[in-house]
Amino acid sequence: QVQLVESGGGWVQAGGSLRLSCAASGRSLTGYSMGWFRQAPGKEREFVAAISKSGTLTTYADSVKGRFTISRDNAKNTVYLQMNSLKPEDTAVYSCAAADRYGRARSLYDYWGQGTQVTVSS
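A short tour of the structure in this document, coming up. (Residues numbered from 1 in each chain as written. Predicted model: local features only at pLDDT ≥ 70, side-chain atom pairs only at ≥ 80, totals over all residues. Heavy atoms only, no water.)

Re the sheet that holds strand 1 (residues 3-7)
In step 1: Across the sheet, four strands lie side by side as 1-3-8-7; this open sheet has antiparallel pairing. Only two strands of the sheet have a single neighbouring strand rather than two, namely strand 1 and strand 7 (68-73). In this sheet, neighbouring strand axes are inclined to one another by 15° on average, regardless of whether the strands run parallel or antiparallel.
In step 2: Of the pairings in the sheet, the one linking strand 1 to strand 3 (residues 18-25) comprises five bridges and is antiparallel in character. Looking at the pairing, S7 lines up with S21 of strand 3. (Pairing = 2+ DSSP bridges. Helix = DSSP H or I, 4+ residues; strand = E, 2+ residues; numbered from the N terminus. Axes fitted to C-alpha atoms, helices over the stretch in contact; angles between N-to-C directions.)

Right under this line is the structure:
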């Protein structure tokens, strides 16, 4: 199995930026498509971004398109989420996940990290 650990969360003012990292161990990430999800207080977990195994395909939720960028460095066994122009509504626990198939659905993802808190103040 692959273990995933997120880092890089924290507090930031609206309009600021953060970069989240998802470090994998146990297996190489080359065999997995990767995704980022988030869950705000009182809301269901929602899809944020996904990237294919090779990194050639990406997809984003409409709410973050143009502001967030998902990337991967397979040599470092790490996936990133660059978050720019952050808004208070981006406040959530952000989790990374690994899947055999590329896509947006939560059901595709077999392995999940513990999550990292992102708080955006107004």
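Anyway, onward from the coordinates.
Remarks on the pattern of salt bridges
In step 1: Within this structure, the stated rule accounts for four salt bridges.
In step 2: Here D90 makes a salt bridge to R38, at a shortest N to O gap of 2.9 Å. Remark: R38 occurs in strand 4 (residues 33-39) and D90 occurs in the loop between strand 8 (78-83) and strand 9 (92-99); sequence separation between them is 52 residues.
In step 3: The shortest N-O distance in the salt bridge between D62 and K65 comes to 3.1 Å.
In step 4: Residue class for K65 comes out exposed when judged on its relative accessible area of 52%.
In step 5: One salt-bridge network, held together by shared partners, links R38, E46, R67 and D90. (Salt bridge = Lys/Arg side-chain N within 4 Å of Asp/Glu carboxyl O. Buried < 20%, exposed > 50% of the residue type's maximum accessible area, 1.4 Å probe, protein only.)

Observations regarding the environment of A49
In step 1: Inspection of the secondary structure puts A49 in strand 5 (residues 46-51).
In step 2: By relative accessible area, which is 0% here, A49 ends up buried.
In step 3: Beyond its immediate sequence surroundings of up to four residues, A49 is in contact with M34, G35, W36, T59, Y60, I70 and L81. (Contact = heavy atoms within 4.5 Å.)

What about the nonpolar core?
In step 1: Ranked by internal contacts, the top residues of the largest apolar core, which has 35 residues, are L4, M34, W36, L81, M83 and Y94.
In step 2: Sorting the residues of this core by element identifies strand 3, strand 4, strand 5, strand 7, strand 8, strand 9 and strand 11 (116-121) as the ones contributing at least two each.
In step 3: Top element by residues in this core is strand 9. It accounts for six residues.
In step 4: If near-sequence neighbours (up to four positions away) are discounted, L4 is found in contact with C22, A23, A24, L29, M34, C96, A97, A98, Y111, W112, G113 and Q114. (Core = buried A, V, L, I, M, F, W, Y, C linked by side-chain atoms within 4.5 Å.)

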